[in-house]
Amino acid sequence: MVNENKQEQDARFAAVYNADVTREQLAGVYARALAGACDAQGRSLEDVLEEYDSLLSDVFARLPQLETVLSSAMISADEKRKTIEKAFSGASELFLNFLRTLARRGRLDLLRDINRQAHLILDKAKGRVRVTITTAAPLDETVLAPLKEKLSTLVGGEPELSAVVDPETIGGIIVRVGDTVFDASIATQLNNVRQQMIDRSTHEIQSRRDRFRNTEGN
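None of the values given here were measured: they were computed from a predicted structure. (Residues numbered from 1 in each chain as written. Predicted model: local features only at pLDDT ≥ 70, side-chain atom pairs only at ≥ 80, totals over all residues. Heavy atoms only, no water.)

1. Examining the overall build of the protein chain
Phase 1: The helix and strand inventory of the protein chain stands at eight helices and four strands.
Phase 2: For the protein chain, the sequential pattern of α-helices and β-strands runs α-α-α-α-α-α-β-α-β-β-β-α.
Phase 3: Out of the 218 residues belonging to the protein chain, those deemed buried represent 30%.
Phase 4: Here the analysis covers contacts within the protein chain between residues at least 6 apart in sequence; of these, 68% occur between residues at least 24 apart. (Helix = DSSP H or I, 4+ residues; strand = E, 2+ residues; numbered from the N terminus. Buried < 20%, exposed > 50% of the residue type's maximum accessible area, 1.4 Å probe, protein only. Contact = heavy atoms within 4.5 Å.)

Right, here's the structure in full:
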């Protein structure tokens, strides 16, 4: 019985994993189609993504029920199209057509997934690499700047840094690029840069104190 339950669990996990992979693959197809439409019409993908981001972060934030309606399988494609044209009448025709296509094909539930994939396409075109740095304590700009310079060499592009604070971080720093976590040797290199900056700042503060004391003595 225990083995049967484990097999059932494995099957469910596999189904969920496959569903996630399928969503990601489908989102990638639609993201590439959006990028292709931008190229064909001489529009900047970056500009269209500003509209897209506004839909997710502004409109849906104010009207969460709208996102529920658009992603619902209980609402017809025609009703969704009418809702889109009414709610987003100020959007560009290209973006409206994109939303109409998703409505017609029943894929409005992929809006957030497609947005992520489209941003990855834009990042690649711009030579940008998204990097998440997790540290046990916050990093200020004097530390982030040399880290970014170091990372640009390691990742082979312009790193877009996202800083996360997690007091439970082991080793003081974790660097993640996409699904890849850099190994301990690279993390140690980055941590050394961080420590060097801290030491330099401490040294500068001490030097200023010494100069101030010497001035007072004179």
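2. Description of a nonpolar patch on the surface
Phase 1: A surface patch of nonpolar side chains, about 290 Å² in accessible area, is lined by V69, M74 and I75.
Phase 2: With respect to the helices and strands, the residue M74 is situated in the loop between helix 3 (64–71) and helix 4 (77–87).
Phase 3: In this structure M74 comes out as exposed when scored by relative accessible area, which is 76%. (Patch = residues over 30% accessible without salt bridge, like charges linked within 9 Å, V, L, I, M, F, W, Y side chains within 5 Å. Areas by Shrake-Rupley, 256 points an atom, 1.4 Å probe, with all protein chains shown as cover. Salt bridge = Lys/Arg side-chain N within 4 Å of Asp/Glu carboxyl O.)

3. Section: the packing of aromatic side chains
Phase 1: Tallied over the full model, the rule gives three aromatic pairs.
Phase 2: Ring geometry for Y52 against F95: centres 5.4 Å apart, planes inclined by 45°, an arrangement best described as tilted. You can see Y52 sitting in helix 2 (residues 45–62) and its partner F95 sitting in helix 5 (residues 93–104), a full 43 residues away along the chain.
Phase 3: Residue classification places Y52 among the buried residues on the basis of a relative accessible area of 0%.
Phase 4: Assessed through its relative accessible area of 2%, F95 is described here as buried.
Phase 5: For the pair F95 and F98, a centre-to-centre distance of 6.2 Å together with 20° between the ring planes defines the contact as stacked. Separated by three residues within a single helix, F95 and F98 lie in helix 5, roughly one turn from each other. In terms of burial, F95 and F98 fall into one category: buried.
Phase 6: Cluster of aromatic residues (ring-pair linked, three or more members): Y52, F95 and F98. (Phe/Tyr/Trp six-rings, centres within 6.5 Å; stacked < 30°, edge-to-face > 60°.)

4. Describing the pattern of salt bridges
Phase 1: Throughout the structure, instances matching the rule amount to 13 salt bridges.
Phase 2: Between D78 and R81 there is a salt bridge whose closest N-O contact spans 2.6 Å. Separated by three residues within a single helix, D78 and R81 lie in helix 4, roughly one turn from each other.
Phase 3: A relative accessible area of 36% places D78 in the partly exposed class.
Phase 4: Take R81: its relative accessible area is 29%, and that puts it in the partly exposed class.
Phase 5: Note that E93 and R100 form a salt bridge whose closest N and O atoms lie 3.0 Å from each other.
Phase 6: For E93, a relative accessible area of 46% gives the class partly exposed.

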